[in-house]
Amino acid sequence: MASKERIRRKGWRSGCMICLTVTKNEEGDGIQQIDVKEILYMQSDNQLSLSVHTENAQYVTVGSLRFWESAFQKAGLNFIRLDRGVLANLDKIKVVDKDFKLAYFDTNIKKETKNCTMSSSGYKSFRERNTTIPAVNSSGSKLLKGLSWQTSP
C-alpha cells in the first residue's frame with residue numbers, strides 16, 4: 001500500500017506543518033495527528049495526560065504543560081500559560097472575562113462557547129502580551145480602553 005494511502009486510511013494528516021499526536025480518549029482509541037494551529041488550549045488532567053481542546057473536539061495527549069509550553073515557544077508558536085493547568089493558543093482567544101478570569105475562543109459568547117480559566121497572574125501576563133483582545137465583565141459589557149458597551153440587547 002502506498003504511504004499516502006496508508007496515511008489517509010489511518011486518519012493521519014499529511015498537510016499540517018507542526019502536528020501533535022493525540023487520541024480520542026485516555027485508553028488510546030483513535031490515534032491521529034492534529035495541526036497545532038487548531039489547538040485552542042491544553043489542560044492538565046493528571047500527571048500522565050493532557051486534554052487538547054480544538055473548536056470541534058477534545059483529545060488526549062501525553063506530556064507535561066511545561067514540556068509543551070517550552071516546545072511551542074521554541075517552535076515560534078504563540079501559546080501562553082494562563083493558569084497552573086492551562087496552556088492556551090493566544091492567536092485563538094477572542095474575548096476575556098476580567099471578573100471571572102475566563103478566556104473565550106469566540107466573540108459570540110453563549111453558554112456552550114469554549115473557554116478556559118485564567119489565574120490572576122495569567123490574566124496579567126495575557127494583558128501584557130495582548131491589549132487588542134476585548135475584555136468583558138461579568139455583566140456582559142465589553143471593556144476596551146475604559147469604555148463599555150453591551151454585547152447583546
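Residues numbered from 1 in each chain as written. Predicted model: local features only at pLDDT ≥ 70, side-chain atom pairs only at ≥ 80, totals over all residues. Heavy atoms only, no water.

> How do you make sense of the overall build of the chain when you look at a structure like this?
Secondary structure summary: the chain contains 3 helices and 13 strands in total. Within the span of the chain, comprising 153 residues, buried residues form 38% of the whole. Considering only contacts in the chain between residues 6 or more positions apart, those separated by 24 or more positions represent 35%. Accessible surface, the chain as shown: approximately 9600 Å² in total, 48% of it carbon and sulfur. (Helix = DSSP H or I, 4+ residues; strand = E, 2+ residues; numbered from the N terminus. Buried < 20%, exposed > 50% of the residue type's maximum accessible area, 1.4 Å probe, protein only. Contact = heavy atoms within 4.5 Å. Areas by Shrake-Rupley, 256 points an atom, 1.4 Å probe, with all protein chains shown as cover.)

> Just checking my understanding: could you explain the layout of surface pockets for this structure?
In this approach a probe as big as a water molecule rolls over the atoms, and the regions it shows empty are the leftover space. Size it by volume and the second largest pocket reaches roughly 170 Å³. Class assignment for the residues of the lining of the second largest pocket results in 2 nonpolar, 1 polar and 6 charged. (1 Å grid on protein atoms, 1.4 Å probe; cavity = no way out; pocket = protein on both sides within 12 Å on 5 of 7 lines; lining within 4 Å. Points joined across faces, edges and corners; volume = space filled by probe spheres on them. Nonpolar A, V, L, I, M, F, W, Y, C, P; charged D, E, K, R; others polar.)

> What should I look at first to understand the side chain of Thr 23 in this one?
Structurally, Thr 23 can be placed in the loop between β1 (19-22) and β2 (32-35). A polar side-chain atom of Thr 23 sits 2.7 Å from the main-chain carbonyl oxygen of Asn 25. Apart from residues no more than four positions distant in its own chain, Thr 23 is found in contact with Gly 28, Asp 29, Gly 30, Ile 31, Tyr 59 and Val 60. (Polar contact = N/O pair within 3.5 Å; in protein donor to acceptor, adjacent residues only side chain to side chain.)

> Would you explain the pattern of salt bridges in this entry?
Opposite charge on two side chains permits pairing when their charged atoms draw close. With the rule as written, the count across this model stands at 1 salt bridge. Between Glu 69 and Arg 81 there is a salt bridge, with its nearest N and O atoms 3.3 Å apart. A residue pair is termed long-range when its members are at least 10 positions apart, and Glu 69 in helix α2 (residues 65-74) and Arg 81 in strand β6 (residues 79-83) qualify at 12 residues. For Arg 81, a relative accessible area of 24% gives the class partly exposed. (Salt bridge = Lys/Arg side-chain N within 4 Å of Asp/Glu carboxyl O.)

Everything listed is a geometric property; what it means functionally is a separate question.
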